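# What the coordinates show
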Amino acid sequence: MKILLASSEVYPFSKTGGLADMVGALGVALVNAGHEARIVTPLYRGLRDKFPHMTLVNWHFDLPLGERHVKAELWELDLDSGLKIYFVDQAAYFDRAGIYQEGQFSYADNAERYIFFSKCVVNLARYLAWKADVVHLHDWQVGLVPALIRHEHTSAGWGKPPATCVTIHNLAYQGIFPAEAYALTNLPKHFFHTEGAEYFGMLNCLKAGIAFADVITTVSPRYAREITTEELGCGLDGVLRRRREHLVGILNGVDYQEWNPAKDSYLSAPFSQSKLTGKKKNKAALQQSVALPVAEKIPLYGTISRLAEQKGVDIQLAALAEMLNADIQFVLLGSGSAEYELGYRELARRFPGKIAVQLGYNEALAHQIEAGCDFFLMPSRFEPCGLNQMYSLRYGTIPIVRATGGLDDSVIDYAEQTDEANGIKFYEYTSRALAKAIRKSLAIYQQPDLLRQYRRNAMKADFSWHRTVEEYLTVYCRTLKSSET
Ligand code: ADP
Ligand code: GLC
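Residues numbered from 1 in each chain as written. Chains lettered and ligands numbered in written order. Predicted model: local features only at pLDDT ≥ 70, side-chain atom pairs only at ≥ 80, totals over all residues. Heavy atoms only, no water.

## Describing the overall build of the protein
Short version of the rule: Secondary structure counts use DSSP, requiring at least four H or I residues in a row for a helix and at least two E residues in a row for a strand, with both numbered from the N terminus. Two things to know: the radius of gyration comes from C-alpha atoms, and the globule rule equals 2.2 Å times the number of residues to the power 0.38. Two residues form a contact once any of their heavy atoms are found within 4.5 Å. Computed with the Shrake-Rupley method and a 1.4 Å probe, the accessible areas treat only the protein chains shown as cover for residues. The convention is simple: Lys and Arg are positive, Asp and Glu are negative, and His and the chain ends are not counted. We put the charge of a Lys on NZ, of an Arg on CZ, of an Asp on CG and of a Glu on CD.
Of the regular secondary structure elements, the protein holds 17 helices and 20 strands. In terms of overall size, the protein behaves like a compact globule, its C-alpha atoms giving a radius of gyration of 23 Å where 485 residues would be expected to give roughly 23 Å. Its C-alpha atoms put the protein at 70 × 45 × 40 Å along the principal axes. Considering only residue pairs separated by 6 or more positions, the protein has 71% of its internal contacts joining residues 24 or more positions apart. Of the roughly 20200 Å² that the protein leaves accessible, carbon and sulfur atoms contribute 51%. The averaged location of the 54 negative side-chain charges in the protein is 3 Å from the averaged location of its 52 positive side-chain charges.

## Comments concerning the sheet that holds strand S10 (residues 176-177)
As a reminder of what qualifies: Being paired, for any two strands, means DSSP has found at least two bridges between them. Whenever a helix is involved, its axis is fitted only over the stretch in contact; in every case the axis is a line through C-alpha atoms, and angles between N-to-C directions fall within 0 to 180 degrees.
Read across the open sheet, the three strands follow the order S10-S12-S11; overall the sheet is antiparallel. Two strands bound the open sheet, and with one partner strand each, they are S10 and strand S11 (198-199). In this sheet, strand S12 (residues 202-204) lies alongside S11 in antiparallel orientation, the contact comprising two bridges. Residue pairing for S12: Tyr199 is matched across the bridge by Met202. Where helix H6 (residues 205-212) meets the sheet, its contacts fall on S10, S11 and S12, and the angle it forms with S12 comes to roughly 60°.

## Remarks on the site of ligand 2
Heads up, the rule is: The rule for a residue being near a molecule or strand is that one of its heavy atoms must lie within 4 Å of it. Any pair of nitrogen or oxygen atoms within 3.5 Å is treated as a polar contact; in protein, a donor-acceptor pairing is required on top of that, and neighbouring residues in sequence qualify only through side-chain atoms on both sides. Three classes are used: nonpolar for Ala, Val, Leu, Ile, Met, Phe, Trp, Tyr, Cys and Pro, charged for Asp, Glu, Lys and Arg, and polar for all others, with Gly counted as polar. Note that the domain bounds were set by an automatic or database domain assignment.
Inspection of the region around ligand 2 gives 13 residues, with His169, Asn252, Glu383, Cys385 and Gly386 positioned closest. The contact in question runs from an oxygen atom of ligand 2 to an N or O atom on the side chain of Asn170, over 3.3 Å. The side chain of Gln310 places a nitrogen or oxygen atom 3.1 Å from an oxygen atom of ligand 2. Isolated, ligand 2 exposes 310 Å² of accessible area, and the fraction of that covered by the protein chains is 93%. The class makeup of the residues in the shell around ligand 2 is five nonpolar, six polar and two charged. Per-domain counts for the shell around ligand 2 show at least three residues from each of domain 1 (2-253 + 466-484) and domain 2 (277-463).

## Concerning the nonpolar core
The line we're drawing: In this description, a nonpolar core means a group of buried Ala, Val, Leu, Ile, Met, Phe, Trp, Tyr and Cys residues linked to one another through side-chain atoms lying within 4.5 Å. Think of it in three bands: with a 1.4 Å probe and only protein chains considered, a residue is buried below 20% of the maximum accessible area for its type, exposed above 50%, and partly exposed in between.
Judged by nonpolar contacts, the single largest core of 104 residues is most densely connected at Val88 and Tyr476. Per-element accounting of this core gives the leading share, 10 residues, to helix H4 (residues 110-127). If sequence neighbours within four positions are ignored, Val88 has contacts with Val40, Thr41, Pro42, Leu43, Phe61, Ala72, Glu73, Leu74, Phe94, Phe116, Phe117 and Cys120. The next biggest cluster of nonpolar side chains, apart from the first, holds 70 residues, and it includes Leu332, Ala366, Tyr395 and Ala421.

## A closer look at unusual backbone geometry
Negative phi characterises most residues that are not glycine, and trans characterises most peptide bonds. For the bond running from Tyr11 to Pro12, omega is 10°, close enough to zero to count as cis. For Phe200, which is not glycine, the phi torsion reads 45° and is therefore positive. By the element assignment, Phe200 lies in the loop between S11 and S12.

## What about the domain arrangement of the protein?
Convention followed: Each of two parts loses accessible area, computed with a 1.4 Å probe, when they are put together; buried area is these two losses added. For salt bridges, the criterion is a side-chain nitrogen of Lys or Arg within 4 Å of an Asp or Glu carboxyl oxygen.
For the protein, the assigned domains are domain 1 (2-253 + 466-484) and domain 2 (277-463). The C-alpha centroid of domain 2 is placed 32 Å from the C-alpha centroid of domain 1. Listed by partner, the interface residues are 21 residues for domain 1 and 23 residues for domain 2. Here domain 1 and domain 2 share an interface that buries about 1700 Å² over both sides, 53% of which is from carbon and sulfur atoms. Considering only the surface of domain 1 that becomes buried against domain 2, Gln104, Arg222 and Leu251 emerge as the three largest contributors, covering 27% of it. For the pair domain 1 and domain 2, the interface holds one salt bridge. Here Arg222 ties to Asp408 by a salt bridge, and the two come within 2.7 Å at their closest N and O atoms. On inspection of domain 1 and its partner domain 2, the count reaches 11 residue pairs in polar contact (both at pLDDT 80 or more). A total of four residues in the side of domain 1 that touches domain 2 trace back to one element, the largest contributor, which is helix H7 (residues 221-226).

## A look at the pattern of salt bridges
Note on pairing: side chains with opposite charge can pair once their charged atoms come close. Across all of its chains, the model carries 23 salt bridges by this definition. In this structure, Arg242 and Glu195 form a salt bridge, with 3.5 Å as the shortest nitrogen-oxygen distance. Of this pair, Arg242 sits in helix H8 (residues 237-242) while Glu195 sits in the loop between S10 and S11, placing them 47 residues apart in sequence. Judged by its relative accessible area of 43%, Glu195 falls in the partly exposed class. Ionic contacts of the salt-bridge type, sharing partners, join the residues Arg222, Glu226, Asp408, Glu416 and Lys425 into one network.

## Side note on H6
Each α-helix winds once per 3.6 residues, and so residues spaced three or four apart point in a common direction. Among the eight residues of H6, eight are classified as buried, and the element is accordingly described as predominantly covered. The set of residues buried in H6 consists of Cys205, Leu206, Lys207, Ala208, Gly209, Ile210, Ala211 and Phe212. The residue sitting at the N-terminus of H6 and contributing the capping side-chain oxygen is Asn204; that oxygen lies 3.2 Å from the backbone nitrogen of Leu206.

Shown next, in the form of structure tokens:
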């Protein structure tokens, strides 16, 4: 099968969160499963220098964008895995310091930037000699692609367009813009209605994707159920319920080439299920590098996160303020809202020598935290899938999670399966419930045999991509069958 994936971020080229990890790994996994996958993504600043082997394609985009025409070039890069990446080169839109924003401010022309990118995706799907069977779109940035394809099919002579699949990585980000932005799509008015791209008089790019895609997926089975409810539907539960038969939840996989404690070049010592001594060395190295007292016996907790409301920062700050009175240490790596960054800085001032706060983005430290900590905190308000809890499991770092979305689907609590328990779950969204879960972890920590059993169970949990990819292939086949009828 031929699959064209489109995403505004792809690891290792650009990344603000799990979306990039997921799309990069899905592409490789599809190729490994014997299919032809290609990915299209914007050419952001610095990529040509970082990946000097990319080559210019003889391809000139010149596409209508409202009343103007905008030009762009195309680059390609063949990865060793066999995956081909296309980069849309439009310097005015993408050669910038940030991906979506600079500092705390989103770029004012994000609608224009990603509507243009969506049109480039459609142009490639239609005119490349390599004809994709399925175009797989990720998140709101490419949410308009199914509508654009339908339009070219019904009104612009595109005989047999590919099937479309839209994956929702996070329903909280929908790409909502003033109605005037709709003119940039050059679509006729009939796509802009309450069952389509319109949302309370505004343009909603993700809603358009949900309405017009052949199939919709999201990144865990539980989140697929949650988003059809008013509580977690972010205003789109109605349209999702209408399309329920075409909505599938598929848990993300983990790229175990990147996240493997036995072969991780960021670590100070390798370790595995059968050779756990390396984990101790990583704990000491981490304590030293973030300036916490090096102490083997003190339980070390960690979090790596975007500091956004979704991630439960408010209850985590309150629970830590209580729990840091106990003999524990905590390390945070994150960046995001100024208010939450300040909250963590203040906590660090109150508990010197117990908490390390590293603000910013740091790939190496992310791996070192996964390896060196005893427990990983992820108290999300909601979580479509979540990758860090799965990385934690592989690194023998026991996840403490709120039972929501993919966190609930990937972690096993003692109350669910005594022998298989590999993490701690709590349910109520309160700092009290989180503090109680942390107290449970302290009790586990004090029983070495039990801790060892949790670690063993954690490290053997398997979220390999081949299972995930099979589920996507089933979905693709379904769309192909339904578009034939
Ligand atoms: P989300 O996509 O909602 O942010 P996920 O758990 O799916 O959450 O994925 C987050 C990804 O981003 C993980 O790979 C994590 O290691 C990485 N990450 C998040 N914040 C940072 C940071 N400050 N530095 C390095 N990596 C980070
Ligand atoms: C989003 C979600 C996260 C998920 C990731 C990859 O960023 O917030 O839960 O793991 O996408 O699908």
